[in-house]
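Per-entry structural report
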Amino acid sequence: MARIGYSDEHEQFRRTARAFFDREHEPQLKKFEAAGGIDKDFWRRAGQAGLLGACIPEEYGGAGGDFTFNVILAEELGRTPGSATTGSSLMADIATYILVLHGDDAQKQRYLPGILAGEISQAMPLTEPDAGSDATAIKTTAIRDGDDYVISGEKYFISNGAGADVLYVVAKTDPSQRGRGMSVIIVDADTPGVARHKIPMMGWAHGDTGALSFDDVRVPVSNLIGREGMAMKILMDTFLEDRLQIAGRCLGAASAALDLTLAYVKSRMVSGQRVFDFQNTQFVLAECRTDIAVTESFLDSCVVKFRDKALSFDEGAMLKLWATEMEGRVLDKCVQLFGGAGLMDENPISRMYTAARIQRVYAGTSELQKVAIAKGLEALA
Ligand SMILES: Cc1cc2nc3c(=O)[nH]c(=O)nc-3n(C[C@H](O)[C@H](O)[C@H](O)COP(=O)(O)OP(=O)(O)OC[C@H]3O[C@@H](n4cnc5c(N)ncnc54)[C@H](O)[C@@H]3O)c2cc1C
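Residues numbered from 1 in each chain as written. Predicted model: local features only at pLDDT ≥ 70, side-chain atom pairs only at ≥ 80, totals over all residues. Heavy atoms only, no water.

1. Some details on the state of the cysteines
By definition, a disulfide links the sulfur atoms of two cysteine residues through a covalent bond. Applicable threshold: When the sulfur atoms of two cysteines come within 2.5 Å, that pair is taken as a disulfide. Each residue's exposure class comes from its accessible area (1.4 Å probe, protein chains only) as a fraction of the maximum for that residue type: buried when under 20%, exposed when over 50%, partly exposed otherwise.
In the structure shown here, the tally under the stated rule is zero disulfides. Between C288, a cysteine without a disulfide, and C334, which holds the nearest cysteine sulfur, the sulfur-to-sulfur distance is 4.6 Å. On the basis of relative accessibility, which here comes to 0%, the residue C288 falls in the buried class. C302 takes part in no disulfide bond, and the closest cysteine sulfur, belonging to C250, lies 13 Å away.

This is the structure we're talking about:
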């Protein structure tokens, strides 16, 4: 059935993305796993396929597209079973929005062409060992020294953190303040004093979730994005995009899981009949299909509202809460229908199950989404 709110151009982009993942991701999965993750060549090929930097304005060589393209890319990434192993990868384009919305001309000239071409990958280090949900508790500092900032501190759980070429580090330029003292500063990852490594984790086994340390890292003040103290505004400006993108990924993954499960239960024989023929199986799959259909409608209406600048902050939170919990529900039911085979590492459904668990935690836990939704309730009474 045709999706509501997507133009022919969007649908063409979806076909391109799906063909790209079928061609460049799934057949390469064993290679990526052996190497511990996707390689630079994968980024370059994504750039050549026109999948990166959809929002980059024409004056910087991009197509100047809307965020719907990134939601589609995330959905198709989620639909790719192997991304349960390789992690968030191309979803890092959310950082491109920070540059497009708040970067100055010199910063855009310097980085956007490389981002488009897949030569430059990005990460957004905000979270620290002692500051996650409470982001304003970060301790990393960026202290002005002449024409430089000197950055010191640690960042933890950072998507693409160990491999990204460019880091948008959130640090306190005024450590006496909480949110108002936070700024976003560009750090080229090869700057002296930056050290980093991947953190082994449940799910995304060959992805890149990194720990970084900054030991008196010196960067020019021209690397500041926007003004000092603007970090929370900059981050808030991409919150809705982040939620749409994650919901897209959840929808793609749940849809792929349903397809895999349907194929399995229709071929697996138990007690002389297909697992599909048990009424329980059909009821469970009917629930999954309904869950996915509801999520698709909710996401598509949010995509349209977002384009019309009518998507509220609490609606974005509801979407993230709903879509991530939905993916968890669907994957749990799918694994059950596989029986023991669903728990084996060699089976994609097992890796998709553990990958689904991540969605309820990163980019604001389910509890934090409820806090945001509850704040909206105040205004309703
Ligand atoms: C795979 C992965 C990728 C990530 N990528 C990035 C990235 O690219 N950049 C980045 O900066 N960060 C990233 N993160 C960090 C992520 O955003 C944080 O893990 C998340 O925000 C939660 O913070 P925390 O882990 O410190 O948990 P905590 O803040 O310690 O929370 C612990 C528990 O307390 C609950 N809690 C906290 N506050 C409240 C409250 N007010 N009410 C009720 N319950 C509450 C939480 O919901 C949670 O259950 C990533 C994390 C993961 C796992």
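2. What about the site of the ligand?
Heads up, the condition is: Consider each residue's heavy atoms; a residue with any of them within 4 Å of a molecule or strand counts as near. Here a polar contact is recorded for every N or O atom pair within 3.5 Å, except that within protein the pair must consist of a potential hydrogen donor and a potential acceptor, and residues adjacent in sequence are included only if both atoms are side-chain atoms. Surface accessibility in these figures is a Shrake-Rupley result with a 1.4 Å probe; residues are shielded only by whichever protein chains are displayed. Numbered from the N terminus, helices here are DSSP runs of H or I no shorter than four residues, and strands are runs of E no shorter than two. Under the scheme applied here, ten amino acids are nonpolar (Ala, Val, Leu, Ile, Met, Phe, Trp, Tyr, Cys and Pro), four are charged (Asp, Glu, Lys and Arg), and all others, including Gly, are polar. What marks off one domain from the next here is an automatic or database domain assignment.
In the neighbourhood of the ligand, 19 residues make up the surrounding shell, with T127, S133, S159, T365 and E367 lying closest. Here F157 contributes a backbone N or O atom positioned 3.0 Å from a nitrogen atom of the ligand. S159 places a side-chain nitrogen or oxygen 2.8 Å from a nitrogen atom of the ligand. Relative to its unbound accessible area of 980 Å², the ligand is 63% covered by the protein chains. Looking at which element gives the most residues to the shell around the ligand, the answer is strand β3 (residues 148–159), with three residues. Per-class residue counts for the shell around the ligand are 11 nonpolar, seven polar and one charged. When residues of the shell around the ligand are sorted by domain, at least three fall in each of domain 2 (135–228) and domain 3 (238–380).

3. Describing unusual backbone geometry
Peptide bonds are trans in most cases, and residues, glycine excluded, mostly fall at negative phi. In this structure, W204 takes a positive phi of about 45 degrees despite not being glycine. Mapped onto the secondary structure, W204 falls in the loop between β6 (194–198) and β7 (209–220). Here the phi dihedral of S271 falls at roughly 50 degrees; this positive angle occurs in a residue that is not glycine. Mapped onto the elements, S271 comes out in the loop between β9 (269–270) and β10 (273–274).

4. Concerning the domain arrangement of the protein
The following threshold applies: Every residue pair with non-hydrogen atoms within 4.5 Å of one another is taken to be in contact. Accessible area, probed at 1.4 Å, shrinks when two parts are joined; the buried area is that loss added up over both. For salt bridges, the criterion is a side-chain nitrogen of Lys or Arg within 4 Å of an Asp or Glu carboxyl oxygen.
Domains assigned within the protein are domain 1 (8–120), domain 2 (135–228) and domain 3 (238–380). Centre-to-centre separation of domain 1 and domain 2, based on C-alpha positions: 22 Å. In this assembly, 26 residues from domain 1 lie in contact with 19 residues from domain 2. Both sides together, the interface formed by domain 1 and domain 2 hides about 1600 Å², and carbon and sulfur atoms give 51% of it. Counting the surface domain 1 buries against domain 2, the share from its top three residues, S88, Q107 and Y111, is 26%. On inspection of domain 1 and its partner domain 2, the count reaches two salt bridges. Where domain 1 packs against domain 2, one counts 12 residue pairs in polar contact (both at pLDDT 80 or more). Along the lines of polarity and charge, the residues of the side of domain 1 that touches domain 2 split into 10 nonpolar, 11 polar and five charged.

5. Structural notes on helix α11 (residues 313–338)
We count it as follows: Helix span is expected to be 1.5 Å times the residue number reduced by one.
For α11, which comprises 26 residues, the first-to-last C-alpha distance of 38 Å matches the rise-based estimate of 38 Å (1.5 Å per residue) to within 8%. Positive backbone phi, approximately 65 degrees, marks G339, located one or two places after α11.

6. Quick word on the pairing of β3
Put simply, the rule is: By this definition, two strands are paired if DSSP reports at least two bridges between them.
Pairing of strand β2 (residues 141–145) with β3, which is carried by five bridges, proceeds in the antiparallel orientation. Each bridged residue has a counterpart across the sheet, and for R144 the counterpart in β3 is Y149. Adjacent in sequence and paired antiparallel, β2 and β3 are bridged by two residues, among which G146 carries a positive phi angle near 65 degrees. Note that β3 and β7 share nine bridges and pair antiparallel. The residue of β7 that forms the bridge with V150 is R218.

7. Remarks on the side chain of T365
Examined against the element boundaries, T365 turns out to sit in the loop between α12 (348–359) and α13 (366–380). Residue classification places T365 among the buried positions, given a relative accessible area of 17%. Excluding residues that lie within four positions of it along the chain, T365 makes contacts with S133 and R360.

8. As for the nonpolar core
Rules: For our purposes a nonpolar core is just a set of buried Ala, Val, Leu, Ile, Met, Phe, Trp, Tyr and Cys residues, chained together by side-chain atoms within 4.5 Å.
In this structure, L90, Y168 and L244 are the most contacted members of the largest nonpolar core, which totals 91 residues. In terms of residue count, helix α9 (residues 239–267) provides more of this core than any other element does, 12 residues in total. By size, the runner-up hydrophobic cluster in this structure holds 18 residues, among which are A142, I185, V194 and F214.

9. Points about the packing of helix α4 (residues 68–79) against helix α10 (residues 279–307)
Spelled out, the test is: Angular values range over 0 to 180 degrees, each being the angle between N-to-C directions of two axes fitted as lines to C-alpha atoms, with helices fitted over their stretch in contact. Geometric relationships in this document are graded by angle, where less than 35 degrees denotes roughly parallel, more than 145 denotes roughly antiparallel, 65 to 115 denotes roughly perpendicular, and other angles denote oblique. The handedness criterion is simple: a crossing whose near helix is rotated anticlockwise from the far helix by less than a right angle is left-handed, and one whose near helix is rotated clockwise is right-handed.
At a minimum axis distance of 10 Å, the contact between α4 and α10 shows a crossing angle of 155 degrees. Classified by the angle between their axes, α4 and α10 sit roughly antiparallel to one another. Between α4 and α10 lies a crossing of right-handed hand. Two secondary-structure elements touch here, α4 through T68, V71 and E75 and α10 through L299, V303 and R307. Grouping the amino acids of the contact of α4 with α10 by side-chain chemistry returns three nonpolar, one polar and two charged.

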